[in-house]
Amino acid sequence: MQRVLGDQLPDFLAALAQPAPVSIRLNAGKITALPELERVPWAHTAYYLPQRPAFAADPWWHAGAYYAQEASSMFLEKVFRTATTGLESPLVLDLAAAPGGKSTLLALLLPPVGLLVANEVIRTRAHILAENVTKWGSGNVIVTNNDPVHFQALTELFDVILLDAPCSGEGLFRKDPAAVNEWSEANVQLCSERQQRILADVWDALKPGGILIYSTCTYEPSENEAQLQWLRQEYGAEGITIPLDPAWGVTELQSGVLTGYQFYPHRAKGEGLFMAALRKPGTATLVHYRKTRHKLLTPAAPRETELVKDWVQNTESWQWIRLGDKIQLLPSGTLETAELIAQRLRIVYMGVEVAELIRTQANPLPALALFKDVFRECFPDFGADPEMALRFLRKEDIVPLDSPNGWVLITSQELPLGWVKKINNRANNYWPKEWRLRMEWKEALQAYQHYHPL
Ligand code: SAM
């Protein structure tokens with residue numbers, strides 16, 4: 001760092017001794033009111049918080065009202081918007097996506113006909129990713145659980161690929177002390193070799209003319225600038241420059257003809273991050289994939305959609321599909337692409353799981369409650385106070401006393417959380433058990449009352 005920063009080193013070290021800023025990004029699909037908080041200047045609807053809340057104790061965090069994301073990472077918004085201007089219906093891959101910070105950001109940046117494939121190689125982490133994507137409720141994400149090498153089966157398919165690479169994590173040193181202990185020269189080398197391997201594995205899946213966004217949370221040149229250089233030498237990758245406001249304190253790093261952007265904690269209000277956007281040379285041509293006779297995804301039959309069509313609004317933006325015993329939604333016009341992906345990758349979650357079909361009956365699923373386009377008037381709802389909302393999230397059998405029998409949508413300060421099915425003076429709680437809040441409700445309520453961000 002001495003070599004890289006020179007006389008800025010004392011400021012850098014002083015910044016590492018300060019607490020890390022805490023920030024959130026609002027879900028514009030669900031809430032429109034803007035809070036009176038300090039804005040993160042390089043992102044829309046993103047704010048610094050004056051203190052760190054116990055996020056798990058806030059029902060709105062579970063409702064996908066916002067995502068707790070480190071501020072520098074939100075620079076992706078600026079990079080994505082700049083690099084993808086003019087792309088009308090982009091197919092985007094987030095290759096190393098768990099837990100989902102950048103995926104949930106990308107999901108909102110996509111135009112209505114866009115589709116995001118959010119992939120995570122580690123299975124348990126892929127399920128956390130699916131949970132966060134489901135709670136975000138944008139409906140335009142397919143979650144997969146694959147090794148980067150599997151994407152070689154999808155030659156020149158993606159318009160944009162983000163690799164938020166596993167790295168030596170120097171930028172996390174003040175937020176996460178464990179990152180300090182995991183650091184070693186050997187690990188830096190391992191990370192840089194792995195990053196190059198992942199880039200090589202996935203390059204073919206990018207369309208000629210397509211955009212690669214590469215990021216790490218480290219300052220290490222062999223994991224950052226050197227990877228750009230390698231992409232330039234190996235594949236002729238071209239640079240894309242991102243317009244910056246000097247007030248942000250982002251540092252431009254020249255790497256030959258390519259530019260990377262580095263966040264240092266003493267200059268920008270956020271953690272350490274490196275990001276760059278590159279263009280793959282050439283012009284896209286249509287790739288013909290071998291057609292498979294056996295389809296995994298089929299449009300739902302009219303008598304099936306009849307059962308659920310009123311549960312959703314903006315229906316022109318969505319198409320109904322049938323997957324196993326579930327009726328799901330995908331963004332309109334994406335079925336063929338989704339089929340191609342489903343044929344070649346391991347799908348964890350897709351679009352919106354709206355309902356489960358049991359004989360001739362459709363039961364609403366948790367994802368429908370959290371979907372931004374759920375048509376709420378179709379169901380009686382019950383506004384839970386914070387205590388009841390937290391008990392619902394703990395999967396206790398709360399009873400919405402004044403509600404009719406049947407499916408009741410539990411809301412917290414107007415935002416839907418999930419379902420209970422009321423039968424006279426009892427009710428079954430359909431919050432997924434894997435998502436259950438582990439904190440005691442009294443402790444959670446206390447933390448919530450002490451401070452919650454919105
Ligand atoms: N993009 C995520 C976000 O914004 O929330 C953070 C991703 S984190 C920096 C890197 C991810 O890469 C981790 O989820 C990790 O499990 C995954 N990973 C680890 N080894 C990998 C490999 N060999 N290939 C692809 N991904 C890997």
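Higher on the page you've got the structure.
Residues numbered from 1 in each chain as written. Predicted model: local features only at pLDDT ≥ 70, side-chain atom pairs only at ≥ 80, totals over all residues. Heavy atoms only, no water.

## Quick word on the overall build of the chain
What the chain contains, in helices and strands, is 14 helices and 22 strands. Radius of gyration (C-alpha) of the chain: 23 Å, near the 22 Å computed for a compact globule of 454 residues. Expressed as lengths along the three principal axes of its C-alpha atoms, the size of the chain is roughly 70 × 55 × 35 Å. Every one of the 454 residues in the chain was classed for burial, and the buried ones make up 54%. (Helix = DSSP H or I, 4+ residues; strand = E, 2+ residues; numbered from the N terminus. Rg over C-alpha atoms; globule rule 2.2 N^0.38 Å. Buried < 20%, exposed > 50% of the residue type's maximum accessible area, 1.4 Å probe, protein only.)

## Description of the pairing of strand β14 (residues 318-323)
In this sheet, β14 lies alongside strand β13 (residues 298-299) in antiparallel orientation, the contact comprising 2 bridges. Bridge pairing in β14 places proline 299 opposite isoleucine 321. Note: β14 against strand β15 (residues 326-331), 6 bridges, orientation antiparallel. Bridging across to β15, leucine 323 finds its partner in lysine 326. (Pairing = 2+ DSSP bridges.)

## As for helix α2 (residues 9-16)
The set of residues buried in α2 consists of Leu9, Phe12 and Ala15. One side of α2 carries all its buried residues, which in axial view fall inside an arc of 125 degrees. (Arc of directions from axis to C-beta.)

## Focus: the packing of helix α4 (residues 75-83) against helix α5 (residues 101-109)
Contact geometry of α4 with α5 gives a least axis separation of 10 Å together with a crossing angle of 40 degrees. Judged by the inter-axis angle, α4 sits oblique to α5. In this structure, the crossing between α4 and α5 has a hand that is right-handed. Each of Leu76, Glu77, Phe80 and Arg81 in α4 lies in contact with α5, whose residues at this interface are Lys102, Leu105, Leu106 and Leu109. Its residues assigned to classes, the contact of α4 with α5 comprises 5 nonpolar, no polar and 3 charged. (Axes fitted to C-alpha atoms, helices over the stretch in contact; angles between N-to-C directions. Parallel < 35°, antiparallel > 145°, perpendicular 65-115°, else oblique. Left-handed = near helix turned anticlockwise from the far one by under 90°. Contact = heavy atoms within 4.5 Å. Nonpolar A, V, L, I, M, F, W, Y, C, P; charged D, E, K, R; others polar.)

## Section: α5
The buried count for α5 comes to 8 of 9 residues, which makes it a mostly enclosed element. Along α5, the positions that sit buried rather than exposed are Gly101, Lys102, Ser103, Thr104, Leu105, Leu106, Ala107 and Leu109.

## Re the pairing of strand β4 (residues 91-94)
With burial as the criterion, each face of β4 is covered, one bearing Leu91 and Leu93 and the other bearing Val92 and Asp94. Summarising the sheet, β4 and strand β5 (residues 115-119) pair through 4 bridges and their orientation is parallel. Within β5, the residue paired with valine 92 across the bridge is leucine 116. This β-α-β element, β4 to α5 to β5, shows right-handed connectivity. Pairing of β4 with strand β7 (residues 158-164) involves 3 bridges; the strand directions are parallel. Its bridge partner being in β7, aspartate 94 is matched across the sheet by leucine 162. (Right-handed = clockwise from strand over helix to strand, strands pointing away.)

## Here's the deal with the pattern of salt bridges
Opposite charge on two side chains allows them to pair when their charged atoms are near. Under the counting rule described, the total for this entry stands at 19 salt bridges. In this structure, arginine 81 engages glutamate 77 in a salt bridge whose closest nitrogen and oxygen atoms are separated by 3.4 Å. Taken as a pair, arginine 81 and glutamate 77 lie in helix α4 at a separation of 4 residues, close to a single helical turn. Residue classification places glutamate 77 among the buried residues on the basis of a relative accessible area of 4%. Lysine 102 is the partner of aspartate 164 in a salt bridge, and the nearest nitrogen-oxygen pair spans 2.8 Å. Note that aspartate 164 is positioned in strand β7 and lysine 102 in helix α5, a separation of 62 residues in sequence. The network of salt bridges with shared partners includes Glu387, Arg391, Arg394 and Glu396. (Salt bridge = Lys/Arg side-chain N within 4 Å of Asp/Glu carboxyl O.)

## Digging into the nonpolar core
Formed by 66 residues in total, the largest nonpolar core has its most connected members in Trp42, Phe75, Ile213, Trp311 and Val354. In terms of residue count, α4 provides more of this core than any other element does, 5 residues in total. Ignoring sequence-local partners within four residues, the contact set of phenylalanine 75 consists of Trp42, Ile242, Leu244, Trp248, Tyr261, Phe263, Leu273 and Met275. (Core = buried A, V, L, I, M, F, W, Y, C linked by side-chain atoms within 4.5 Å.)

## Observations concerning the packing of aromatic side chains
Going through the model one piece at a time under the given rule, you end up with 19 aromatic pairs. Taken together, a centroid distance of 6.0 Å and an interplanar angle of 55 degrees make the contact between phenylalanine 75 and tyrosine 261 tilted. With phenylalanine 75 in helix α4 and tyrosine 261 in strand β11 (residues 258-263), this pair connects stretches of sequence that are 186 residues apart. The buried category is assigned to phenylalanine 75, whose relative accessible area is 0%. The class of tyrosine 261 is buried, set by a relative accessible area of 0%. Counting every residue linked through ring pairs, the aromatic cluster contains Trp42, Phe75, Trp248, Tyr261 and Phe263. The ring of tyrosine 48 has lysine 269 lying over it, and the distance from NZ or CZ to the ring centre is 4.4 Å. (Phe/Tyr/Trp six-rings, centres within 6.5 Å; stacked < 30°, edge-to-face > 60°. Lys NZ or Arg CZ within 6 Å of the ring centre and 35° of its normal.)

## Overview of the sheet that holds strand β3 (residues 66-68)
Across the sheet, which stays open at both edges, the 3 strands sit in the order β2-β1-β3 with antiparallel pairing between neighbours. If you trace the sheet from one side to the other, it starts and ends with β2 (46-49) and β3, each paired once. For this sheet, the mean inter-axis angle between neighbouring strands, taken without regard to orientation, is 30 degrees. Here 4 bridges tie strand β1 (residues 22-26) to β2, and the two strands are oriented antiparallel to one another. Paired with arginine 25 across the strands is alanine 46, a residue of β2. Sheet contacts for α5: β1 and β3; angle to β1, the most-contacted strand, approximately 35 degrees.

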